[in-house]
Amino acid sequence: MLDKKPRLLRITTVPISLHLLLKGQPQFMQSNGFEVLTVSADGKELAAIKSTGIPHQIINLTRKISPIEDTIALWKMIQLIKSFKPDIVHTHTPKAGLIGMMAAYICRVPIRLHTVAGLPVMEAQGLKKSLLILTEKITCFCANNVYPNSNGLMDFMIDNFRSFKHKFKVLGKGSTNGIITKHYTLTPEISVLADHLKSKYNFQPSDFVFCFIGRLVGDKGINELINVFDCLSKNNNCKLLLVGMPEPELDPLSANCLEVIHNNKNIISLGYQDDVRVALAASNVFVFPSYREGFPNVVMQAQSMSVPCIVSDINGCNELVSHNKSGLIVPVKNETALQEAMYILMNDTEKCKSFASIARENILQHYEQSQVWNYILKEYKQLLNKN
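This structure is a prediction, so every number in the text was calculated from the model and none was measured.

A. Quick peek at the sheet that holds strand S11 (residues 309-312). Strand order in the open sheet formed by six strands is S9-S8-S7-S10-S11-S12, and the pairing between neighbours is parallel. The sheet is open, and its two edges are formed by strand S9 (267-271) and strand S12 (327-330), each paired on a single side. Going from strand to strand, the sheet's axes swing by 20° on average, the running direction of each strand aside. With three bridges joining them, strand S10 (residues 285-288) and S11 adopt parallel strand pairing. Directly across from Phe288, in S11, lies its bridge partner Val311.

Here you go:
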């Protein structure tokens, strides 16, 4: 590619983003001629990250607004960049974007890139919203290029950060990391594990199983989902698998929602799962009523596993799902529409099968991981040649 290996610094706020959302991508870039260094805060995923062989540095980035800790993190990031001397700094997640892009700008790194995969400002209010808008503007100012990971997200950013629209670009069809469709396939081994899961929680053959995967927070539409399912389960044989952890310190669920989760025996909370394929294989329909997203990996995973989806009408989701063709799309925060969609699929097996087949074909055609990685690699090469 060049006489010397170009140096690439990839930064996320927390290590789980590197471990899951960018899994395999740093190694791919290294195998294509880059010297790669990754950065995140400390966390339990670090052992898995370090086992990849990619060097990793810890800087205490926090997801909360914390001026003192953020200033210390910025100083440490500047020192790291001066030491590593990267040709490209590529950041993900809001706080990593702010700190990483500011540090890269101060150090005059030639190529400064930021990927946007959902914006908290979409649901924020008051002073918090003003602060989030300011931080996004600072990130966009400091970056050379900004990559919304869906077309809908780019439209939102153009509307709200118009002065930076010349920096915005969607790579390929969207998505940050794509999906390994061969991995997210229903195999005999996964089917056996799914049967064990059903047996463990005493599922009956007549039970219709819904599934949600993600953070159990308000912004993911969990309050609405739990209210709707609580009503449905009173008169129907159905179950709800919840895969993920709550974040009470950042976005707590309502007291009523927590009470229903605790008391409704048809709701099974599995917590965080390293491998979500088992839960998906045990499910009839995947439900994702989120308020905001970039380009949701879990919807791609469900579709690749041939599980029909009900999603909210937000960017990313409405690009992956074609309403009444490959799934159902419902308005955000609309419990009536969500309940109607869930009831329709509970009672229409043929529609579920049709949705699942069309959805998987769409994932195979446009979102295979190797395609997404090569879009990013091509972008890196073009920017390096220009510089």
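So, next bit.
B. Up close: the packing of aromatic side chains. Enumeration according to the criterion identifies eight aromatic pairs in this entry. Seen in terms of ring centroids, Phe212 and Phe288 are 5.8 Å apart; in terms of plane orientation they differ by 15°. Their pairing is stacked. In this pair, Phe212 is assigned in strand S7 (residues 208-213) and Phe288 in strand S10, connecting sequence segments 76 residues apart. Residue Phe212 is classed as buried on the basis of its relative accessible area, which comes to 0%. A centroid spacing of 5.3 Å and a plane angle of 45° characterise the contact between Phe295 and Tyr367, whose relative ring orientation is tilted. Here Phe295 is found in the loop between S10 and helix H12 (297-304), whereas its partner Tyr367 is found in the loop between helix H15 (349-366) and helix H16 (369-386), with 72 residues between them in sequence. Overall, the relative accessible area of 4% leaves Tyr367 in the buried class. A network of ring pairs unites the aromatic residues Phe208, Phe210 and Phe229 as a single cluster. For the cation-ring pair, Lys239 lies above Phe203, with the distance from its terminal atom to the ring centre recorded as 5.7 Å.

C. Region of interest: empty space enclosed by the protein. According to the stated counting rule, one finds two cavities of 30 Å³ or more in the structure shown. The volume enclosed by the largest cavity comes to roughly 90 Å³. If you trace the largest cavity, you find it lined by His90, Thr115, Tyr147, Pro148, Asn149, Leu171, Gly174, Ser175, Thr176, Val372 and Ile376. In the lining of the largest cavity, the residues fall into five nonpolar, six polar and no charged. A volume near 50 Å³ is recorded for the second largest cavity. In this structure, the second largest cavity is lined by Gly221, Glu224, Pro289, Tyr291, Ser312, Val330, Pro331, Val332, Lys333, Asn334 and Leu338. In the lining of the second largest cavity, the residues fall into six nonpolar, three polar and two charged.

D. The arrangement of the sheet that holds strand S4 (residues 88-92) in detail. Spatial strand order, S3-S2-S1-S4-S5-S6: six strands in an open sheet with parallel pairing. With one partner strand each, in any of the chains shown, strand S3 (56-58) and strand S6 (145-148) form the two edges of the open sheet. Averaged over all pairs of adjacent strands, the angle between strand axes in this sheet comes to 20°, irrespective of strand direction. Here five bridges tie strand S1 (residues 7-11) to strand S2 (residues 35-40), and the two strands are oriented parallel to one another. The residue of S2 that forms the bridge with Ile11 is Val39. Across the sheet, helix H7 (residues 151-160) is in contact with strand S5 (111-116) and S6; its angle to S6 comes to roughly 130°.

Parameters at a glance
Residues numbered from 1 in each chain as written. Predicted model: local features only at pLDDT ≥ 70, side-chain atom pairs only at ≥ 80, totals over all residues. Heavy atoms only, no water. Pairing = 2+ DSSP bridges. Helix = DSSP H or I, 4+ residues; strand = E, 2+ residues; numbered from the N terminus. Axes fitted to C-alpha atoms, helices over the stretch in contact; angles between N-to-C directions. Phe/Tyr/Trp six-rings, centres within 6.5 Å; stacked < 30°, edge-to-face > 60°. Buried < 20%, exposed > 50% of the residue type's maximum accessible area, 1.4 Å probe, protein only. Lys NZ or Arg CZ within 6 Å of the ring centre and 35° of its normal. 1 Å grid on protein atoms, 1.4 Å probe; cavity = no way out; pocket = protein on both sides within 12 Å on 5 of 7 lines; lining within 4 Å. Points joined across faces, edges and corners; volume = space filled by probe spheres on them. Nonpolar A, V, L, I, M, F, W, Y, C, P; charged D, E, K, R; others polar. Contact = heavy atoms within 4.5 Å.

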